[in-house]
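Analysis of the macromolecular model
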Amino acid sequence: MRVNEHFELAFNAVWPSAGGSRGRTARVLPGFGLSLGITLLFVSLVLLLPMTSLVGQLAGLSLAEYWAIITEGRVVASYMITIGAAAVAAIVNALFGLLMAWVLVRYEFPGRRLLDALMDLPFALPTAVAGITLATMYSSSGFMGRLLEPLGLEIAYTWVGIALAMAFTSIPFVVRTVQPVLEDLPGEVDEAAMTLGASDGLAFRRVILPHLWPALVTGTGLAFVRSLGEFGAVIFIAGNMPYETEITSLMIFVKLQEYDYVGASAIASVVLAVSLLLLLALNLWQGRFIRRLHGGES
Amino acid sequence: MSIRLTNIAKTFGRSMALEPLDLDIADGELVGLLGPSGSGKTTLLRIIAGLEQADRTPGRAIHFGERDVTNVHVRDRRIGFVFQHYALFRHMSVFDNVAFGLTALPRRSRPSTGEIRARVNRLLEMVRLEEFAKRYPAQLSGGQQQRVSLARALALKPDVLLLDEPFGALDAKVRQDLRRWLRHLHDELGFTSVFVTHDQEEALELSDRVVVMSNGRIEQIDDPDTLYRQPANRFVFEFLGDVNRLEGSVRDGELTCGDARLSVELPDGPQELLMRPHELKLLEQPSAHARLPVTVTAASPVGAEVRVELVADWLPEPWLATLRHADFERLGIKRGQRLFVEPRRWHRFGEAATRGEQTAIVS
């Protein structure tokens, strides 16, 4: 409590207009200082502290050493594979996630609630379970692998397998961000487009897609960022061949197993920076779009 | 362009939303579809628009003028449709919303960009929103949004304009203004329009003819005056305004109900009489042929008249009377005051009677 009061005083000093619960401007909702204090404390403990210690690990490195670690050939190859596979997974998810959200929102059919619940399975399922399942299914002796091998399609132990595992674990991001926005879009809007003579394609392109666009981009972006860091689901199906099917998370893991904490932290910091920048960019862009939709200054 | 519906019916699952019906709407007419919710009025409008398919009943047909549009897709029917909640494209400016229909035309029939701009500006001028062209729908009030939606629907010069509860989501004052303005626009541009409403005042004020519907059936089609004066049945009578009910038994030309008495020329037996609020006269003493004692519970001046609520122990539900201010002041009506009602006229709908029976009492 003391800490919190202290914080509130500090907060009021920095942003006087925000006003605490006992400030000059009385707030209708009480507890602003307390709730913000707890939030920031939690964020510090769970997010900021570990990240700071990660950066702290790097303190011992000179810039040149740091650069050498993060640009080592095998690591750079892993960036390429990770980003490439994550991009493919994100694009595939954008298409199928949009379709699934569409089906879930726009149609009534038996089993809709079950399908809706299934969407969250990749969140709930331990990623290692997903990885093992995918690996056994798509290996040359597996059920799908045997079907695809004669066609010359190899999935397990190639980048296709990596992308597949990434797509599996990140599809809920797209579905769950697009779904509420689509529910918010009244069916009357496509009907309006039709009464104005628009074909289905045109109505989708000019009326529905622009409306869903921010949610779709955000969902796809989240799926992409999630895929960049995916480990459990991917390593079983990846085959982990240096320069070919090693992902960046695996490089961190390998460094840790070699007790090279500093090296691991250096690579981790790259993943962290890329993810953070992407999320920040998404947020800024989406904020601008939404302001326009809800009637701020255009 | 005239609209002719033949044998149109609609079932949803097992429930019948529309019983097979025919309807003719003349060129340039403004017709209101009036009914309570669930009466099938919106379904009928959506079938005319092509947003809903009528059942495959034999001989079903929809004609716009000579054109058979029964199997024509909504996008090719050349209609304008105005939705209750406007259904504007929220990510587009007002200008782009109105221009949508024109820019959606196939390239060979699409006007040039300059021509589109001129036409949209003309439409915006017509709905008095020319200064709002660059705004987004979320920055407009409800009434303004509905005007944008109207301009958008008129951009393609439709033969038929269909409006689904166009003023339902607006407040009373704006509704009144928009109603008058729509009537004006209709007379000026001469399109045929059909609108749906559950507000009898709106239907009576705006329409050339009103189609009263209930339970998927058309109850009556008439001009507002006939509709109000000669309701086809009890449903229409009750739906078009407030009703006071008097139930009692008749013996020797006198209806009694508790200590209330009224001279009537009706056969003996139980009878039910209905009266409009303006058909009740309030007196300080009972008259020769009516002795209906009541107590005033509330009086509120509404516009040109005063609405007085009346109760009595012989009445199962309170009555409502509307008086002129002069009468109200002459009687010096206060809450709790005891008065006598004398009906100027009453209405009776028998089970078998198709047209209502009306009797005026001369006093």
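If you're wondering where the values come from, they're calculated on a predicted model, not measured in any experiment. (Residues numbered from 1 in each chain as written. Chains lettered and ligands numbered in written order. Predicted model: local features only at pLDDT ≥ 70, side-chain atom pairs only at ≥ 80, totals over all residues. Heavy atoms only, no water.)

Let us now look at the overall build of chain B. Along the backbone of chain B there are 9 helices and 21 strands. Along the first, second and third principal axes, the C-alpha atoms of chain B reach 80 × 50 × 35 Å. Counting contacts in chain B only where the partners sit at least 6 residues apart, residues at least 24 apart contribute 64% of the total. Element-wise, carbon and sulfur atoms account for 47% of the exposed surface of chain B, whose accessible area totals about 17,000 Å². Taking the 49 positively charged and 51 negatively charged side chains of chain B as two groups, their mean positions are separated by 7 Å. (Helix = DSSP H or I, 4+ residues; strand = E, 2+ residues; numbered from the N terminus. Contact = heavy atoms within 4.5 Å. Areas by Shrake-Rupley, 256 points an atom, 1.4 Å probe, with all protein chains shown as cover. Lys, Arg positive; Asp, Glu negative; His and termini not counted. Charge placed at Lys NZ, Arg CZ, Asp CG, Glu CD.)

The next thing to look at is the interface of chain A and chain B. Accessible area lost during the coming together of the parts is what is often quoted as the interface size. With 25 residues of chain A at the interface, the matching set in chain B holds 25 residues. Both faces combined, the contact of chain A with chain B buries some 2,400 Å², and carbon together with sulfur accounts for 60% of it. For the pair chain A and chain B, the number of links is 3 salt bridges. Across the pair Arg46 of chain B and Glu191 of chain A runs a salt bridge, and its minimum N-O distance is 2.7 Å. Residue assignment for the side of chain A that touches chain B shows that the elements contributing at least two residues are helix 10 (187–195), helix 11 (200–229) and helix 14 (261–293) of chain A. At 7 residues, helix 10 of chain A tops the list of elements feeding residues into the side of chain A that touches chain B. When its residues are assigned to classes, the side of chain A that touches chain B shows 10 nonpolar, 8 polar and 7 charged. (Buried area = accessible area lost by both parts, 1.4 Å probe. Salt bridge = Lys/Arg side-chain N within 4 Å of Asp/Glu carboxyl O. Nonpolar A, V, L, I, M, F, W, Y, C, P; charged D, E, K, R; others polar.)

Before going further, it helps to examine the confidence of the model for chain A. One rule of thumb: low pLDDT means the predicted coordinates there are not for detailed reading. Residue and element names in this part refer to chain A. When pLDDT is averaged across chain A, the result is 85; 89% of the residues are at 70 or more. Averaged pLDDT values over the elements of chain A bottom out at 45 in helix 1 (residues 2–14) and peak at 94 in helix 4 (residues 73–106). Every residue in residues 1–23 scores below 50 in pLDDT, and together they form 23 contacts with partners more than four places removed in sequence or on other chains. (pLDDT = per-residue confidence, 0-100.)

With respect to the helices and strands, Gln144 of chain B occurs in helix 4 (residues 142–154). Excluding residues within four positions of it along the chain, Gln144 of chain B makes contact with Leu129 and Phe132 of chain B.

Scanning the model with the defined rule gives 33 salt bridges over all chains in all. Among the ionic pairs, Asp116 of chain A bridges to Arg176 of chain A, the shortest N-O distance being 2.8 Å. Placement of the pair is Asp116 of chain A in helix 5 (residues 112–118) and Arg176 of chain A in helix 9 (residues 159–184), with a sequence separation of 60 residues. Residue classification places Asp116 of chain A among the buried residues on the basis of a relative accessible area of 16%. One network of salt bridges, with partners in common, ties together Arg234, Glu238, Arg245, Glu272 and Glu317 of chain B. (Buried < 20%, exposed > 50% of the residue type's maximum accessible area, 1.4 Å probe, protein only.)

To describe two helices that pack against each other, one gives the angle between their axes and the distance between the axes. All names here are of chain A. At their nearest, the axes of helix 4 and helix 9 sit 6 Å apart, and the two run at 40° to each other. Considered as vectors, helix 4 and helix 9 are oriented oblique to each other. When you trace helix 4 past helix 9, the crossing you get is right-handed. Per-class residue counts for the contact of helix 4 with helix 9 are 23 nonpolar, 5 polar and 1 charged. (Axes fitted to C-alpha atoms, helices over the stretch in contact; angles between N-to-C directions. Parallel < 35°, antiparallel > 145°, perpendicular 65-115°, else oblique. Left-handed = near helix turned anticlockwise from the far one by under 90°.)

What follows deals with the confidence of the model for chain B. Scored by pLDDT, chain B has a mean of 89; 96% of the residues are at 70 or more. Two summary scores accompany this predicted model of the complex, namely pTM at 0.77 and ipTM at 0.80.

All names here are of chain B. Summarising the element assignment, Asp199 is placed in the loop between strand 8 (192–197) and helix 6 (200–206). There is a polar contact of 3.0 Å between the side chain of Asp199 and the backbone nitrogen of Glu201. With residues near it in sequence (within four places) discarded, Asp199 still touches Leu34, Arg175 and Arg179. (Polar contact = N/O pair within 3.5 Å; in protein donor to acceptor, adjacent residues only side chain to side chain.)

With that out of the way, let us pick up the UniProt feature "domain: ABC transmembrane type-1" (unreviewed entry) in chain A. In the numbering adopted here, UniProt assigns the feature "domain: ABC transmembrane type-1" (unreviewed entry) to residues 79–283 of chain A. A distance of 24 Å separates the end C-alpha atoms of residues 79–283 of chain A, which is 79% helix and 0% strand. (UniProt positions renumbered as here; feature names shortened; annotations may be inferred.)

Whenever strands of a sheet pair, they do so through backbone hydrogen bonds, lying parallel or antiparallel. All names here are of chain B. On the basis of which strands lie adjacent, the open sheet formed by 6 strands has the order 6-7-8-3-9-10 and mixed pairing. The sheet terminates laterally at strand 6 (79–82) and strand 10 (217–222), the two strands that pair on one side only. Between one strand axis and the next, the sheet turns through 15° on average, direction left out of account. Note that strand 3 (residues 30–34) and strand 8 share 5 bridges and pair parallel. By the bridge assignment for strand 8, Leu34 is matched with Thr197. Where helix 4 meets the sheet, its contacts fall on strand 6 and strand 7 (160–164), and the angle it forms with strand 6 comes to roughly 170°. (Pairing = 2+ DSSP bridges.)

Proteins that are soluble and globular tend to have nonpolar side chains buried together. Grouped together as the largest cluster of nonpolar side chains are 56 residues, with contacts concentrated most on Leu5, Phe89, Phe100 and Leu162 of chain B. No other element matches the 8 residues that helix 11 of chain A contributes to this core. Residues in contact with Phe89 of chain B, not counting those within four places in the same chain, are Val189, Ala192, Ala193, Leu196 and Val207 of chain A together with Asn97, Phe100, Pro137 and Arg152 of chain B. Core analysis: the second largest hydrophobic core is formed by 34 residues, Val82, Phe132, Leu170 and Leu178 of chain B among them. (Core = buried A, V, L, I, M, F, W, Y, C linked by side-chain atoms within 4.5 Å.)

All names here are of chain A. The geometry of helix 9 relative to helix 11 is characterised by a closest axis approach of 8 Å and an angle of 160° between their N-to-C directions. With respect to helix 11, the axis of helix 9 lies roughly antiparallel. Relative to helix 11, the crossing made by helix 9 is right-handed. Across the interface between the two elements, Met166, Ser170, Phe173, Val174, Thr177, Val178, Val181 and Leu182 of helix 9 pack against His211, Leu212, Ala215, Leu216, Gly219, Thr220, Leu222, Ala223, Arg226 and Ser227 of helix 11. Considering only residue class, the contact of helix 9 with helix 11 consists of 11 nonpolar, 6 polar and 1 charged.

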